Amino acid sequence: MAGLYLHVPFCEKRCLYCDFFFVVSGERGPYLRALGREIDTWADRLGAVSLSTVYFGGGTPSELTGGEVAAILGQIGDRFSLEPDAEITLEANPGSTDADRFAAYRAAGVNRLSLGVQSFDDDQLRRLGRVHTADEARRAVQLARSAGFDNLSLDLMFGLPGGSVEQLERSIGSALELEPEHLSAYNLTVESGTMLDRHVRRGQVVVPDDERCAAEFTHLIDRLGAASYRQYEVSNFARPGFESQHNSGYWRHEPCIAVGPAAHGLLPSGWAERVFGPQPVGTERVRYWNSRHLTGYINSVERDGFAVADGETLGGRALAQERIFLGLRQPEIGLDLTALLALGVDLSIERSAELAELAADGLIAFDARTVRLTRRGVMLGDAVAERLMLDPDSATVAPLAVAPLVAPLHPDVPHRF
């Protein structure tokens, strides 16, 4: 399985909590031309790679017209081998879509929509800086269904300032009434440099404590479980057969080509060598990321076909380190200890005391092959992963190696809008 991620940076407005790369103005034409050239460059270097998923993320991909999405997917289909049943997801803002646009996306080949609802409480939406209302979110789902979408995902947030378990319950109930196939639920995080961070530091916003966030998350898990949604990843719930294939690829370290400003990709070492040249011995995966500036991205692609700003190689213990964290995030599958052995890490020996202590505390269940988070452990998943992480000095990553005449790395170019 391989995926393709496209970052669409345009947004109508900055949300209070967002730290993703986006711009609130700027012409789409230069971006779309650069995106098209970048897709061509990757196809030229990698050949007819088979893609099982395509994901339009952002930003707000629903700022693109149906015709623009159709042109991008047409190029992808021409330059790569797009599997007939490929999952093609587009993130959409409930307040920036209409019946015609949904119909155009569906006609273009998009078969999965992810709607950024966040809450069905209008006061909470205003506090978050969202541009839609609860009624607009409900209408967006109805319009998507009318356009033929039978695979819908809704995003919800918990741990919101001024919220409560009762408020969250009302949002969950509203979401379940719409019968989405998939739900993603995220604890509001105060990211450094965001407007929310500034408001919190000034005392203008008070975020809930860990105890209340845990209570809300526990309630959410119970409610969605009772409604037959499986928690197949810590923050993701799906009806059987509707798990996000693209995001599941991330958690399994599967290949993902990424295009667009600030996009992050992950390549097997053989693919990376076709693009960047020979990599250090022992490299199994190469992660790269594009310029985080729109003009820098456009200028680099226009000049060289690429906009790679930097990257790193992963192999052995560095790759094992990531698999510890990602494996624990999948409660049903768990962390595969035998896969770590293949990378030279015997966790049952290196972290034997920690495994025993975590099991005694009721946070994990483990045997010779697998470590899984318990229900209580899911509440403290990051802390559990931190206890099991390898010694930092033994799991360092190496910088991405780039051959002199192949896709040079470019410094970010500042831009203003």
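Since we're looking at a predicted model, the values are computed, not measured. (Residues numbered from 1 in each chain as written. Predicted model: local features only at pLDDT ≥ 70, side-chain atom pairs only at ≥ 80, totals over all residues. Heavy atoms only, no water.)

A. Molecular detail of the sheet that holds strand β14 (residues 364–366). Here we have three strands laid out as an open sheet, ordered β13-β15-β14, and antiparallel in their pairing. Strands with a single pairing partner mark the edges of an open sheet, and in this sheet they are β13 (335–336) and β14. Relative to strand β15 (residues 370–373), β14 is paired through three bridges, and the arrangement is antiparallel. From the neighbouring strand, A365 faces β15, where its bridge partner is R372. (Pairing = 2+ DSSP bridges. Helix = DSSP H or I, 4+ residues; strand = E, 2+ residues; numbered from the N terminus.)

B. A look at unusual backbone geometry. The linkage connecting G58 with the following residue, G59, adopts the cis geometry, with an omega of 20 degrees. With respect to the element layout, G59 can be found in the loop between β2 (50–58) and α2 (66–79). Positioned with a positive phi, S228 is a non-glycine residue whose angle comes to about 70 degrees. The backbone of H253 shows a phi angle near 60 degrees, a positive value even though the residue is not glycine. Of the residues examined, H253 reaches a relative accessible area of 1% and is grouped as buried. (Buried < 20%, exposed > 50% of the residue type's maximum accessible area, 1.4 Å probe, protein only.)

C. Structural detail: empty space enclosed by the protein. Applying the stated criterion to the full structure yields one cavity of 30 Å³ or more. Each pocket or cavity is described by its volume, and for the largest cavity that value is around 50 Å³. For the largest cavity, the full set of lining residues is M1, A2, G3, T53, H246, G249, Y250, E254, P255 and C256. Among the elements that make up the lining of the largest cavity, the one with the highest residue count is helix α9 (residues 245–251) (three residues). Tallied by class, residues from the lining of the largest cavity come to five nonpolar, four polar and one charged. (1 Å grid on protein atoms, 1.4 Å probe; cavity = no way out; pocket = protein on both sides within 12 Å on 5 of 7 lines; lining within 4 Å. Points joined across faces, edges and corners; volume = space filled by probe spheres on them. Nonpolar A, V, L, I, M, F, W, Y, C, P; charged D, E, K, R; others polar.)

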